[in-house]
Amino acid sequence: MKRYLLAALTTCAALTEAPVAFAQTVCPAGPAAVVLNAQTITTNTTWTRNNIYLLNGFVYVENGATLTIESGTIIKGDLANKGALIIKAGARIIAIGTPTQPIVFTSNQPAGSRGPGDWGGVVLVGNAPTNNPAQTQVEGGVNAFYGGPTANNPADNSGVMQYVRIEFPGVAFLPNSEINGLTMCGVGSGTTIDHIQVTGSGDDSFEWFGGSVNCKYLIAQAGTDDDFDTDNGFSGRVQFGLAVRNPNRGDNASGGESNGFESDNDATGTANTPKTSAVFSNMTVLLPTATTPASPFNTGSSALIRRNSAQSIFNSVLAGRPYGLTLNSNSANLTTANAAAGTLSFENNVVATMGTYSRRAARVTSNAGATAGFSPNAFVSAAGNDTTRTFASLGLSADYLNYDGNCSSNRQCTPTFTLPAGSFLTTGGTFSNAKLTSAGTGVNGTFDVVTFRGAFGPAGTAQGSWADGWTNFNPQITCYNVAGQTLANREVANAPLQALTVSPNPTDGTAATLGFDVKTATTATVRVVDLMGRQVAVVLNGGKLSAGPQRLLLPATLAPGMYVATVTTGEIVQSVRFVVAK
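Residues numbered from 1 in each chain as written. Predicted model: local features only at pLDDT ≥ 70, side-chain atom pairs only at ≥ 80, totals over all residues. Heavy atoms only, no water.

Comments concerning the overall build of the protein
And then number 1: Of regular secondary structure, the protein possesses 4 helices and 36 strands.
And then number 2: Across the 582 residues of the protein, 60% fall into the buried class. (Helix = DSSP H or I, 4+ residues; strand = E, 2+ residues; numbered from the N terminus. Buried < 20%, exposed > 50% of the residue type's maximum accessible area, 1.4 Å probe, protein only.)

Okay, structure coming up:
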């Protein structure tokens, strides 16, 4: 949740960071998309897998209507018109994908040119309680409201989302007003949310504003701001979640931080009820520390709990950020008082180092004094927490640090997250705290009692393979031009064009090079266009290239802004986005 004004150029660089275009099959020409201009759906509607849909603006589903999306359906969001899908209070979404036919919301930009903030995202609004005294408008310029005295149904049902991917969302509607990947405002426990992957969000990956919805099997990959953000009295339960970051992508707003968890009771830390009391178990929240993380991570926390929140975390693995758990008590209602009283629990977690920072497992930051007798070190060292490990000693597969398809030789890959038999995380899961043993209400409301810590279990268990099949860890190269084809396409070993990059990126424009490899000798044209698609330079016009690595100097006269370099050969067209900042 951003609270700072972003400078225009910094926003451009941070929220639309240029991705690398990887080798891919040639995208076939697909059918014309069904264009959904900004509109309100007022009757029951079904989107089918034999079509590709384009959200060309904000598309609302109104109170009383149900939107059904078939498994295997592709929905793209427009960049210029800020496509987004908003399910209003009283409306429902029935988006039930399967492991072999997930539903995909993604960017409308071509493969190789996608980035955070390419479109809006998915917003669910319900009638479950929040601690907002009055109705509140959904952030991001959305014309929908939640909370207030009439939002009083904890079991409210906003529908079903299962086996759904949300890729490159998080458009900045206005400065300091972004849409998240999946936003849940006052969503009730009658709603089903599980098996959701958010990749490359321009803001938070998941954010809950009040409500009581329970969620399982969530993946936050390569986002920009926070991975899991809770506010305004969210009281749901979340189990089995993975967050992994691109260390070069963070919240570059003035004073911005990119945290794993971020939790507030509300924006000013009041005592408004219901208090934020979400319970998370079996989460794995990681920040790779190679390459060296960008500045938004310098003061970041794996878990930042502040402003009178009483969120709890159990049986989880936190690694990579300089601080494990930060309790911020910058109001009269001290967060540390919640920890001292046991309403905020942090138990049986592993807080590991990863080598880059001089890390502290726990700290308190305060502008209003500290709770008498409370020690953050004693708090995090008790209750079964382990702060002695390095990441290497966890015994995890290297795939746990996968982001943006970061695999050897830039290949498409499906990471392996199953816990190796030798990992000490296969044991030690504890579910004795009353927050975990008390009867859950609503869908996904009961915790699965497991013996492991972190998001994934050992081989041979359902929890060891829950990310298999339906996920995509490199959607940058996926075609999405064939209706119903939502599983990741594989790299072709003899792809004619590979490893397309701009270096450095961002660049000051004086010495940037476009690099790529060609498998066999070919003829190519290289153009640079701006985000409106206007050609600004021709770097190579029908030039002959021999097999092997190519390095082309980009124009030094480009004005500050964002551009796309496109390489066209007789076999393939590939593009890469880059930023000029002078």
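We are not done yet, so read on.
Focus on the side chain of Ser 107
And then number 1: For Ser 107, the location among the structural elements is in strand S8 (residues 103–107).
And then number 2: Among the polar contacts made by the side chain of Ser 107, one reaches the main-chain amide nitrogen of Gln 109 at a distance of 2.9 Å.
And then number 3: The residues contacting Ser 107, other than those within four sequence positions of it, are Lys 76, Gly 77, Arg 114, Asp 118, Trp 119, Glu 167 and Phe 168. (Polar contact = N/O pair within 3.5 Å; in protein donor to acceptor, adjacent residues only side chain to side chain. Contact = heavy atoms within 4.5 Å.)

Overview of the packing of aromatic side chains
And then number 1: All told, the structure shown has 22 aromatic pairs when counted by the stated rule.
And then number 2: Taking 6.2 Å as the distance between ring centres and 10 degrees as the angle between the ring planes, the aromatic pair formed by Phe 105 and Trp 119 counts as stacked. Taken as a pair, Phe 105 in strand S8 and Trp 119 in the loop between S8 and strand S9 (122–125) lie far apart in primary sequence, 14 residues in all. Note on accessibility: Phe 105 and Trp 119 belong to one class, buried.
And then number 3: For the ring pair Trp 208 and Phe 234, a centre distance of 5.2 Å and an interplane angle of 10 degrees mean the geometry is stacked. (Phe/Tyr/Trp six-rings, centres within 6.5 Å; stacked < 30°, edge-to-face > 60°.)

Here we look at unusual backbone geometry
And then number 1: With an omega of 0 degrees, the peptide bond running from Thr 273 to Pro 274 counts as cis.
And then number 2: Along the chain, Pro 274 falls in the loop between strand S21 (261–263) and strand S22 (279–286).
And then number 3: Here the amide bond leading from Ala 290 into Thr 291 is cis, since omega sits at 0 degrees, within 30 degrees of zero.
And then number 4: In this fold, Thr 291 is placed in the loop between S22 and strand S23 (301–306).
And then number 5: You will see that Asn 348, though not glycine, has its phi angle at about 60 degrees, which is positive.
And then number 6: Mapped onto the elements of the fold, Asn 348 is located in the loop between strand S27 (346–347) and strand S28 (350–352).

Describing the environment of Ile 93
And then number 1: Along the chain, Ile 93 turns up in strand S7 (residues 92–96).
And then number 2: Residue classification places Ile 93 among the buried positions, given a relative accessible area of 0%.
And then number 3: For the pair formed by Ile 93 and Thr 68, sequence separation is 25 residues and the distance between their alpha carbons is 5.9 Å.
And then number 4: Apart from the residues lying within four places of it in its own chain, the contact partners of Ile 93 are Leu 67, Ile 69, Leu 85, Ile 87, Leu 124, Ser 158, Gly 159, Val 160 and Met 161.

Brief notes about the pattern of salt bridges
When their charged atoms lie close together, side chains carrying opposite charge are able to pair.
And then number 1: This structure, assessed with the given rule, holds 10 salt bridges.
And then number 2: A salt bridge links Arg 49 to Glu 70; the nearest nitrogen and oxygen atoms lie 3.8 Å apart. You can see Arg 49 sitting in the loop between strand S2 (45–47) and strand S3 (52–61) and its partner Glu 70 sitting in the loop between strand S4 (66–69) and strand S5 (74–77), a full 21 residues away along the chain.
And then number 3: Assessed through its relative accessible area of 31%, Arg 49 is described here as partly exposed. (Salt bridge = Lys/Arg side-chain N within 4 Å of Asp/Glu carboxyl O.)

Re the nonpolar core
Buried together is how nonpolar side chains tend to be arranged in soluble globular proteins.
And then number 1: Formed by 60 residues in total, the largest nonpolar core has its most connected members in Met 161, Trp 208 and Phe 228.
And then number 2: In terms of residues, this core owes the most to one element, S3, which gives 4 residues.
And then number 3: Counting 32 residues, the second largest nonpolar core, distinct from the first, contains Leu 394, Phe 417, Val 450 and Phe 473. (Core = buried A, V, L, I, M, F, W, Y, C linked by side-chain atoms within 4.5 Å.)

Notes on the environment of Pro 274
And then number 1: The partly exposed category is assigned to Pro 274, whose relative accessible area is 33%.
And then number 2: As a C-alpha pair, Pro 274 and Gly 211 span 63 residues in sequence and 9.5 Å in three-dimensional space.
And then number 3: In contact with Pro 274, other than residues within four places in its own chain, are Thr 130, Asn 131, Gly 233 and Asn 265.

Observations regarding the confidence of the model for the protein
And then number 1: When pLDDT is averaged across the protein, the result is 88; 90% of the residues are at 70 or more.
And then number 2: Counting contacts from residues 2–25, a segment whose pLDDT is below 50, to residues more than four positions away or on other chains yields 93 contacts. (pLDDT = per-residue confidence, 0-100.)

Quick word on the pairing of strand S35 (residues 561–568)
And then number 1: Across the 8 residues that make up S35, a large majority, 7, are buried.
And then number 2: Summarising the sheet, strand S32 (residues 522–530) and S35 pair through 6 bridges and their orientation is antiparallel. Among the inter-strand pairings, Val 526 is bridged to a residue of S35, identified as Val 567. (Pairing = 2+ DSSP bridges.)

A closer look at the side chain of Ser 281
And then number 1: Within the fold, Ser 281 resides in strand S22.
And then number 2: You can call Ser 281 buried: its relative accessible area is 0%.
And then number 3: Of note is the side chain of Ser 281, whose polar atom sits 3.0 Å from the side chain of Asn 282.
And then number 4: Reaching out from Ser 281, the side chain makes a polar contact with the side chain of Asn 315 at a distance of 3.2 Å.

Brief notes about the environment of Tyr 53
And then number 1: Mapped onto the elements, Tyr 53 comes out in strand S3.
And then number 2: Under the relative-accessibility criterion, Tyr 53 is labelled buried at 5%.
And then number 3: A C-alpha to C-alpha distance of 6.0 Å links Tyr 53 and Val 35, two positions 18 residues apart in sequence.
And then number 4: Leave out the neighbours within four places in its chain, and Tyr 53 touches Val 34, Leu 36, Thr 46, Trp 47, Thr 48, Thr 73, Ile 74, Ile 75 and Lys 76.
And then number 5: There is a polar contact of 3.2 Å between the side chain of Tyr 53 and the side chain of Asn 51.

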